[in-house]
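# Close look at the chain arrangement
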Amino acid sequence: MTDKRSTSADYVTAFATGWPEQEPHLMVLSLTTHKGVQDFAFTREQALLVAKTMKETADRLAKPRTG
């Protein structure tokens, strides 16, 4: 099976986090794009790793152009 990934990305227009009452050990991240809402469930360890990785990546992003 070949995994075909798109070479473009959808912009996130909104997001939310929370956890299901029945499963308080999971974090749910909801991402909204023009295509709709997609929910992702993470364990605590996964959520912390994602947060760390996103911060490291964001710190390396170029500054926005002004003018």
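About the criteria used
- Residues numbered from 1 in each chain as written.
- Predicted model: local features only at pLDDT ≥ 70, side-chain atom pairs only at ≥ 80, totals over all residues.
- Heavy atoms only, no water.
- Helix = DSSP H or I, 4+ residues; strand = E, 2+ residues; numbered from the N terminus.
- Rg over C-alpha atoms; globule rule 2.2 N^0.38 Å.
- Buried < 20%, exposed > 50% of the residue type's maximum accessible area, 1.4 Å probe, protein only.
- Contact = heavy atoms within 4.5 Å.
- Areas by Shrake-Rupley, 256 points an atom, 1.4 Å probe, with all protein chains shown as cover.
- Lys, Arg positive; Asp, Glu negative; His and termini not counted.
- Charge placed at Lys NZ, Arg CZ, Asp CG, Glu CD.
- pLDDT = per-residue confidence, 0-100.
- Pairing = 2+ DSSP bridges.
- Axes fitted to C-alpha atoms, helices over the stretch in contact; angles between N-to-C directions.

## Observations regarding the overall build of the protein chain
What the protein chain contains, in helices and strands, is one helix and three strands. Ordered by position from the N terminus, the helices and strands of the protein chain form the series β-β-β-α. The C-alpha radius of gyration of the protein chain comes to 15 Å, more than 25% above the 11 Å expected for a compact globule of 67 residues. A burial count over the protein chain gives 10% of its 67 residues as buried. Sequence-distant contacts, at least 24 apart, represent 4% of the contacts inside the protein chain between residues at least 6 apart. Total accessible area on the protein chain stands at roughly 6700 Å², and carbon and sulfur atoms take up 57% of it. The centroid of the 9 positive side-chain charges in the protein chain is displaced by 12 Å from the centroid of its 8 negative side-chain charges.

## Here's the deal with the confidence of the model for the protein chain
Residues at a pLDDT of 70 or more form 94% of the protein chain, whose mean pLDDT is 92. Per-element mean pLDDT across the protein chain ranges from 95 in strand β1 (residues 14–18) up to 97 in strand β3 (residues 36–43).

## Looking at the sheet that holds strand β2 (residues 26–33)
The strand order across the open sheet formed by three strands is β1-β2-β3, and the pairing between neighbours is antiparallel. Each edge of the sheet is formed by a strand with only one pairing partner; in this case those strands are β1 and β3. The sheet shows a mean angle of 15 degrees between the axes of neighbouring strands, direction not considered. Bridge count between β1 and β2: five bridges; the pairing is antiparallel. When the sheet's bridge partners are listed, A14 is paired in β2 with T32. The strands touched by helix α1 (residues 44–60) are β2 and β3; relative to β3, the strand with the most contacts, the crossing angle is about 115 degrees.

## As for the side chain of T33
Locating T33 in the fold gives a position in strand β2. Setting aside residues up to four positions removed in sequence, T33 forms contacts with D10, Y11, V12 and T13.

## Description of the pairing of β2
Here eight bridges tie β2 to β3, and the two strands are oriented antiparallel to one another. Bridge pairing in β3 places S30 opposite D39. Counting the residues in the hairpin turn of β2 and β3 gives two residues.

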